Amino acid sequence: AATLTALVLVMTGALLLSLLVKRLNPDPPLWRVIAVSYGLRVILTFALFSISFWHLPVVRAFQSGEGFWVFGLDSQTYHLYGAGIAEAWEKGVELPDPQLGIAYFFVVGLLYKLFGPHPLYPALLNAWLVSLTAVLGYLIGRRLFRHKAGVLSAVLIGFWPSSLLWSTQLLKDSLAWFLCMSTLWLMLVVIPHRDERRPIETKRWMGWCAILWGVVSALTCLRTYMGSLVSMAAMSVFVPAAVSASLHKRGRDSLRYLSLVFMVVSSVLITRTWDLFHWFSPRHPDI
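Now for a quick tour of the structure. (Residues numbered from 1 in each chain as written. Predicted model: local features only at pLDDT ≥ 70, side-chain atom pairs only at ≥ 80, totals over all residues. Heavy atoms only, no water.)

With that settled, consider helix 10 (residues 224–247). The end-to-end C-alpha distance of helix 10 is 35 Å, a good match for the 34 Å that 24 residues give at a rise of 1.5 Å each. Considering only its buried residues, helix 10 is in contact with helix 8 (173–190), helix 9 (202–222) and helix 11 (251–271). Positive backbone phi, approximately 60°, marks K249, located one or two places after helix 10. (Helix = DSSP H or I, 4+ residues; strand = E, 2+ residues; numbered from the N terminus. Expected span 1.5 Å × (residues − 1). Contact = heavy atoms within 4.5 Å.)

Printed below as a string of C-alpha coordinates:
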(Lines give C-alpha, C1' and ligand atoms only; values in the text may rest on other atoms or scores of the structure.)
Protein backbone atom coordinates (compact mmCIF):
# COMPACT_ATOMS: atom_id res chain seq x y z
CA ALA A 1 0.00 0.00 0.00
CA ALA A 2 2.81 2.41 0.85
CA THR A 3 4.57 1.71 -2.46
CA LEU A 4 1.36 2.31 -4.40
CA THR A 5 0.74 5.58 -2.56
CA ALA A 6 4.32 6.67 -3.27
CA LEU A 7 3.90 5.93 -6.98
CA VAL A 8 0.66 7.93 -7.07
CA LEU A 9 2.44 10.85 -5.42
CA VAL A 10 5.27 10.62 -7.96
CA MET A 11 2.87 10.61 -10.91
CA THR A 12 0.85 13.48 -9.46
CA GLY A 13 4.03 15.51 -8.96
CA ALA A 14 5.14 14.80 -12.54
CA LEU A 15 1.75 15.88 -13.90
CA LEU A 16 1.77 19.14 -11.95
CA LEU A 17 5.31 19.94 -13.07
CA SER A 18 4.41 19.18 -16.68
CA LEU A 19 1.37 21.46 -16.64
CA LEU A 20 3.32 24.28 -14.97
CA VAL A 21 6.37 24.12 -17.23
CA LYS A 22 4.37 23.88 -20.44
CA ARG A 23 2.29 26.86 -19.34
CA LEU A 24 5.40 28.93 -18.62
CA ASN A 25 7.33 27.90 -21.71
CA PRO A 26 6.26 25.31 -24.27
CA ASP A 27 9.80 24.94 -25.66
CA PRO A 28 11.22 21.42 -25.09
CA PRO A 29 14.58 22.34 -23.43
CA LEU A 30 13.09 23.57 -20.15
CA TRP A 31 10.70 20.64 -19.84
CA ARG A 32 13.50 18.15 -20.51
CA VAL A 33 15.65 19.74 -17.78
CA ILE A 34 12.85 19.64 -15.21
CA ALA A 35 11.67 16.14 -16.20
CA VAL A 36 15.16 14.61 -16.02
CA SER A 37 15.91 16.40 -12.73
CA TYR A 38 12.69 15.19 -11.14
CA GLY A 39 13.05 11.67 -12.49
CA LEU A 40 16.63 11.40 -11.26
CA ARG A 41 15.66 12.58 -7.78
CA VAL A 42 12.78 10.13 -7.58
CA ILE A 43 15.02 7.22 -8.66
CA LEU A 44 17.69 8.20 -6.13
CA THR A 45 15.08 8.52 -3.38
CA PHE A 46 13.71 5.03 -3.99
CA ALA A 47 17.19 3.56 -4.46
CA LEU A 48 18.70 5.00 -1.27
CA PHE A 49 15.64 4.08 0.78
CA SER A 50 15.65 0.50 -0.54
CA ILE A 51 19.37 0.03 0.02
CA SER A 52 19.15 1.10 3.65
CA PHE A 53 15.81 -0.59 4.34
CA TRP A 54 16.92 -3.97 2.99
CA HIS A 55 20.51 -3.62 4.24
CA LEU A 56 21.92 -4.23 0.77
CA PRO A 57 25.73 -4.54 0.49
CA VAL A 58 26.22 -0.95 -0.75
CA VAL A 59 28.25 1.48 1.44
CA ARG A 60 26.95 -0.23 4.57
CA ALA A 61 29.03 2.02 6.80
CA PHE A 62 26.68 4.90 5.97
CA GLN A 63 23.41 3.01 6.43
CA SER A 64 21.26 3.64 9.51
CA GLY A 65 18.63 1.07 8.63
CA GLU A 66 14.87 1.46 8.12
CA GLY A 67 15.57 3.49 4.96
CA PHE A 68 17.70 6.15 6.70
CA TRP A 69 21.34 7.17 6.24
CA VAL A 70 24.10 8.47 8.49
CA PHE A 71 24.53 11.64 6.41
CA GLY A 72 20.88 12.52 7.09
CA LEU A 73 20.48 11.56 10.74
CA ASP A 74 17.91 14.32 11.37
CA SER A 75 15.58 12.36 9.09
CA GLN A 76 14.95 9.83 11.85
CA THR A 77 14.03 12.59 14.31
CA TYR A 78 11.62 14.21 11.86
CA HIS A 79 10.07 10.82 11.10
CA LEU A 80 9.68 9.86 14.76
CA TYR A 81 8.09 13.11 15.89
CA GLY A 82 6.12 13.54 12.65
CA ALA A 83 4.50 10.16 13.23
CA GLY A 84 3.88 11.07 16.87
CA ILE A 85 2.25 14.37 15.90
CA ALA A 86 0.01 12.67 13.33
CA GLU A 87 -1.05 10.10 15.93
CA ALA A 88 -1.70 12.81 18.52
CA TRP A 89 -3.90 14.71 16.07
CA GLU A 90 -5.78 11.51 15.31
CA LYS A 91 -6.39 10.64 18.98
CA GLY A 92 -6.71 14.18 20.34
CA VAL A 93 -3.92 13.82 22.88
CA GLU A 94 -1.00 16.08 23.78
CA LEU A 95 1.53 16.63 21.01
CA PRO A 96 5.07 15.34 21.45
CA ASP A 97 7.41 18.32 21.81
CA PRO A 98 10.84 17.89 20.17
CA GLN A 99 12.06 21.12 21.85
CA LEU A 100 13.28 22.32 18.44
CA GLY A 101 11.94 24.47 15.65
CA ILE A 102 8.53 22.87 15.27
CA ALA A 103 7.46 23.99 11.78
CA TYR A 104 8.90 21.14 9.72
CA PHE A 105 7.71 18.56 12.24
CA PHE A 106 4.17 19.77 11.52
CA VAL A 107 4.77 19.48 7.76
CA VAL A 108 5.84 15.86 8.20
CA GLY A 109 2.98 15.23 10.62
CA LEU A 110 0.46 16.58 8.12
CA LEU A 111 1.80 14.32 5.37
CA TYR A 112 1.62 11.34 7.71
CA LYS A 113 -1.93 12.20 8.73
CA LEU A 114 -2.97 12.35 5.06
CA PHE A 115 -1.10 9.35 3.66
CA GLY A 116 0.25 7.36 6.60
CA PRO A 117 3.58 7.37 8.51
CA HIS A 118 6.09 6.36 5.86
CA PRO A 119 9.45 8.22 5.39
CA LEU A 120 9.21 7.97 1.60
CA TYR A 121 6.39 10.51 1.43
CA PRO A 122 8.30 13.56 2.76
CA ALA A 123 11.39 12.53 0.76
CA LEU A 124 9.36 12.40 -2.47
CA LEU A 125 7.85 15.79 -1.62
CA ASN A 126 11.41 17.11 -1.27
CA ALA A 127 12.32 15.75 -4.70
CA TRP A 128 9.33 17.55 -6.17
CA LEU A 129 10.06 20.80 -4.32
CA VAL A 130 13.64 21.02 -5.59
CA SER A 131 12.43 20.43 -9.15
CA LEU A 132 9.91 23.22 -8.60
CA THR A 133 12.75 25.36 -7.26
CA ALA A 134 14.53 24.84 -10.59
CA VAL A 135 11.42 26.25 -12.29
CA LEU A 136 11.68 29.31 -10.05
CA GLY A 137 15.33 29.62 -11.04
CA TYR A 138 14.22 29.68 -14.67
CA LEU A 139 11.68 32.44 -13.97
CA ILE A 140 14.26 34.55 -12.14
CA GLY A 141 16.90 34.12 -14.84
CA ARG A 142 14.41 34.87 -17.61
CA ARG A 143 13.12 38.01 -15.90
CA LEU A 144 16.58 39.41 -15.15
CA PHE A 145 18.27 38.41 -18.41
CA ARG A 146 16.71 36.19 -21.08
CA HIS A 147 15.33 32.74 -21.82
CA LYS A 148 18.73 31.02 -22.17
CA ALA A 149 19.86 32.37 -18.81
CA GLY A 150 16.68 31.01 -17.25
CA VAL A 151 17.27 27.54 -18.69
CA LEU A 152 20.88 27.62 -17.43
CA SER A 153 19.64 28.55 -13.96
CA ALA A 154 17.23 25.61 -14.05
CA VAL A 155 20.07 23.28 -15.05
CA LEU A 156 22.33 24.46 -12.22
CA ILE A 157 19.61 24.10 -9.58
CA GLY A 158 18.17 20.89 -10.98
CA PHE A 159 21.48 19.03 -11.12
CA TRP A 160 23.56 20.57 -8.33
CA PRO A 161 25.23 17.50 -6.74
CA SER A 162 24.56 18.27 -3.08
CA SER A 163 20.93 19.14 -3.77
CA LEU A 164 20.50 15.80 -5.51
CA LEU A 165 21.62 14.08 -2.31
CA TRP A 166 19.76 16.17 0.27
CA SER A 167 16.49 16.09 -1.63
CA THR A 168 16.37 12.29 -1.28
CA GLN A 169 16.25 12.54 2.53
CA LEU A 170 13.56 13.47 5.03
CA LEU A 171 15.13 16.88 5.73
CA LYS A 172 13.84 20.44 5.62
CA ASP A 173 16.56 21.80 3.32
CA SER A 174 14.51 21.32 0.15
CA LEU A 175 11.55 23.23 1.56
CA ALA A 176 13.89 26.01 2.73
CA TRP A 177 15.43 26.31 -0.76
CA PHE A 178 11.98 26.45 -2.34
CA LEU A 179 10.76 29.17 0.03
CA CYS A 180 13.97 31.18 -0.41
CA MET A 181 13.75 31.10 -4.21
CA SER A 182 10.02 31.87 -4.03
CA THR A 183 10.86 34.96 -1.99
CA LEU A 184 13.41 36.14 -4.56
CA TRP A 185 11.02 35.59 -7.45
CA LEU A 186 8.13 37.37 -5.70
CA MET A 187 10.40 40.33 -4.98
CA LEU A 188 11.13 40.58 -8.69
CA VAL A 189 7.41 40.44 -9.42
CA VAL A 190 6.42 43.26 -7.09
CA ILE A 191 9.26 45.71 -7.76
CA PRO A 192 8.96 48.06 -10.77
CA HIS A 193 10.37 46.63 -13.98
CA ARG A 194 11.37 49.15 -16.65
CA ASP A 195 11.03 46.69 -19.55
CA GLU A 196 7.34 46.16 -18.88
CA ARG A 197 5.09 48.12 -21.21
CA ARG A 198 2.38 48.53 -18.61
CA PRO A 199 2.92 48.71 -14.83
CA ILE A 200 1.31 45.97 -12.80
CA GLU A 201 -2.22 46.80 -11.64
CA THR A 202 -2.56 47.93 -8.03
CA LYS A 203 -4.94 45.13 -6.97
CA ARG A 204 -2.76 42.50 -8.59
CA TRP A 205 0.34 44.05 -7.05
CA MET A 206 -1.26 43.95 -3.59
CA GLY A 207 -2.13 40.30 -4.15
CA TRP A 208 1.48 39.44 -4.97
CA CYS A 209 2.60 41.38 -1.88
CA ALA A 210 0.24 39.32 0.27
CA ILE A 211 1.69 36.12 -1.17
CA LEU A 212 5.21 37.44 -0.51
CA TRP A 213 4.23 38.16 3.10
CA GLY A 214 2.99 34.59 3.50
CA VAL A 215 6.07 33.02 1.90
CA VAL A 216 8.47 35.03 4.05
CA SER A 217 6.43 34.04 7.10
CA ALA A 218 6.73 30.37 6.15
CA LEU A 219 10.47 30.76 5.60
CA THR A 220 10.86 32.44 9.00
CA CYS A 221 8.86 29.69 10.71
CA LEU A 222 11.07 27.07 9.10
CA ARG A 223 14.40 28.81 9.71
CA THR A 224 14.30 32.04 11.68
CA TYR A 225 17.76 33.19 10.63
CA MET A 226 16.83 32.98 6.94
CA GLY A 227 13.91 35.34 7.50
CA SER A 228 16.24 37.74 9.27
CA LEU A 229 18.74 37.57 6.40
CA VAL A 230 15.98 38.27 3.87
CA SER A 231 14.96 41.34 5.91
CA MET A 232 18.54 42.64 6.00
CA ALA A 233 18.90 42.07 2.25
CA ALA A 234 15.62 43.86 1.49
CA MET A 235 16.55 46.87 3.61
CA SER A 236 20.08 47.15 2.26
CA VAL A 237 18.92 47.02 -1.38
CA PHE A 238 15.48 48.59 -1.59
CA VAL A 239 15.80 51.46 0.91
CA PRO A 240 18.63 53.03 -1.15
CA ALA A 241 16.63 52.24 -4.30
CA ALA A 242 13.63 54.07 -2.82
CA VAL A 243 15.79 57.12 -2.00
CA SER A 244 17.24 57.13 -5.50
CA ALA A 245 13.79 56.83 -7.09
CA SER A 246 12.52 59.67 -4.94
CA LEU A 247 15.43 61.91 -5.97
CA HIS A 248 14.66 61.16 -9.62
CA LYS A 249 10.99 62.06 -9.04
CA ARG A 250 9.69 58.52 -9.42
CA GLY A 251 7.43 58.60 -6.40
CA ARG A 252 5.41 55.52 -7.41
CA ASP A 253 8.53 53.39 -7.67
CA SER A 254 9.85 54.72 -4.37
CA LEU A 255 6.59 53.88 -2.63
CA ARG A 256 6.65 50.32 -3.96
CA TYR A 257 10.25 49.80 -2.87
CA LEU A 258 9.41 50.94 0.66
CA SER A 259 6.24 48.85 0.67
CA LEU A 260 8.25 45.77 -0.23
CA VAL A 261 10.65 46.41 2.66
CA PHE A 262 7.71 46.91 5.01
CA MET A 263 6.07 43.66 3.89
CA VAL A 264 9.24 41.62 4.36
CA VAL A 265 10.34 43.12 7.68
CA SER A 266 6.85 43.09 9.22
CA SER A 267 6.39 39.49 8.15
CA VAL A 268 9.58 38.41 9.90
CA LEU A 269 8.90 40.40 13.08
CA ILE A 270 5.31 39.21 13.41
CA THR A 271 6.11 35.59 12.58
CA ARG A 272 8.76 35.45 15.30
CA THR A 273 6.01 36.04 17.88
CA TRP A 274 3.90 33.06 16.73
CA ASP A 275 3.54 30.01 18.93
CA LEU A 276 2.96 27.27 16.37
CA PHE A 277 2.99 24.53 18.99
CA HIS A 278 0.06 26.17 20.76
CA TRP A 279 -1.80 26.80 17.49
CA PHE A 280 -1.61 23.21 16.28
CA SER A 281 -2.20 21.50 19.61
CA PRO A 282 -5.64 20.03 20.33
CA ARG A 283 -7.67 22.57 22.34
CA HIS A 284 -8.42 20.22 25.26
CA PRO A 285 -6.12 17.22 24.85
CA ASP A 286 -6.42 14.00 26.75
CA ILE A 287 -3.14 13.24 28.48
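What follows deals with unusual backbone geometry. One non-glycine residue, Q99, adopts positive backbone phi at about 60°. Along the chain, Q99 turns up in the loop between helix 3 (74–91) and helix 4 (103–115). Classification of Q99 as exposed rests on a relative accessible area of 63%. Residue K249 is not a glycine yet carries a positive backbone phi of 60°. You can see K249 is positioned in the loop between helix 10 and helix 11. Here K249 falls in the exposed class, since its relative accessible area comes to 78%. (Buried < 20%, exposed > 50% of the residue type's maximum accessible area, 1.4 Å probe, protein only.)

The next point concerns a nonpolar patch on the surface. Taken together, the side chains of F53, W54, L56, V58, V59, F62, V70 and L73 define a hydrophobic patch exposed on the protein surface, amounting to about 740 Å² of accessible area. Mapped onto the elements of the fold, L73 is located in the loop between strand 2 (68–69) and helix 3. The partly exposed category is assigned to L73, whose relative accessible area is 46%. (Patch = residues over 30% accessible without salt bridge, like charges linked within 9 Å, V, L, I, M, F, W, Y side chains within 5 Å. Areas by Shrake-Rupley, 256 points an atom, 1.4 Å probe, with all protein chains shown as cover. Salt bridge = Lys/Arg side-chain N within 4 Å of Asp/Glu carboxyl O.)

Throughout the structure, instances matching the rule amount to 14 aromatic pairs. Geometrically, the ring pair formed by W213 and W274 is tilted, given 6.2 Å between the ring centres and 50° between the ring planes. In this pair, W213 is assigned in helix 9 and W274 in the loop between helix 11 and helix 12 (276–280), connecting sequence segments 61 residues apart. Take W213: its relative accessible area is 23%, and that puts it in the partly exposed class. The class for W274 is partly exposed, based on a relative accessible area of 27%. Considering the side-chain rings of W274 and W279, the 5.2 Å spacing of their centres and the 40° angle between planes classify their relative orientation as tilted. Above the plane of the ring of W31 lies K22, whose end atom (NZ or CZ) is 5.9 Å from the centre. (Phe/Tyr/Trp six-rings, centres within 6.5 Å; stacked < 30°, edge-to-face > 60°. Lys NZ or Arg CZ within 6 Å of the ring centre and 35° of its normal.)

The next subject is the side chain of S231. Considering the arrangement of structural elements, one finds S231 in helix 10. Residue classification places S231 among the buried positions, given a relative accessible area of 7%. Excluding residues that lie within four positions of it along the chain, S231 makes contacts with V264, V265 and V268.

Nonpolar side chains in soluble globular proteins tend to end up buried together. Ranked by internal contacts, the top residues of the largest apolar core, which has 71 residues, are I34, M187, L212, F238, L260 and V264. The dominant element in this core, judged by the number of residues it contributes, is helix 5 (residues 120–144), at twelve residues. In this structure L212 touches T183, L186, M187, V190, L260 and V264, once residues within four positions along its chain are discounted. (Core = buried A, V, L, I, M, F, W, Y, C linked by side-chain atoms within 4.5 Å.)

Bringing the side chain of S163 into the picture now. Within the fold, S163 resides in helix 7 (residues 161–166). Setting aside chain neighbours within four positions, we find S163 in contact with R41, V130, I157 and W177.

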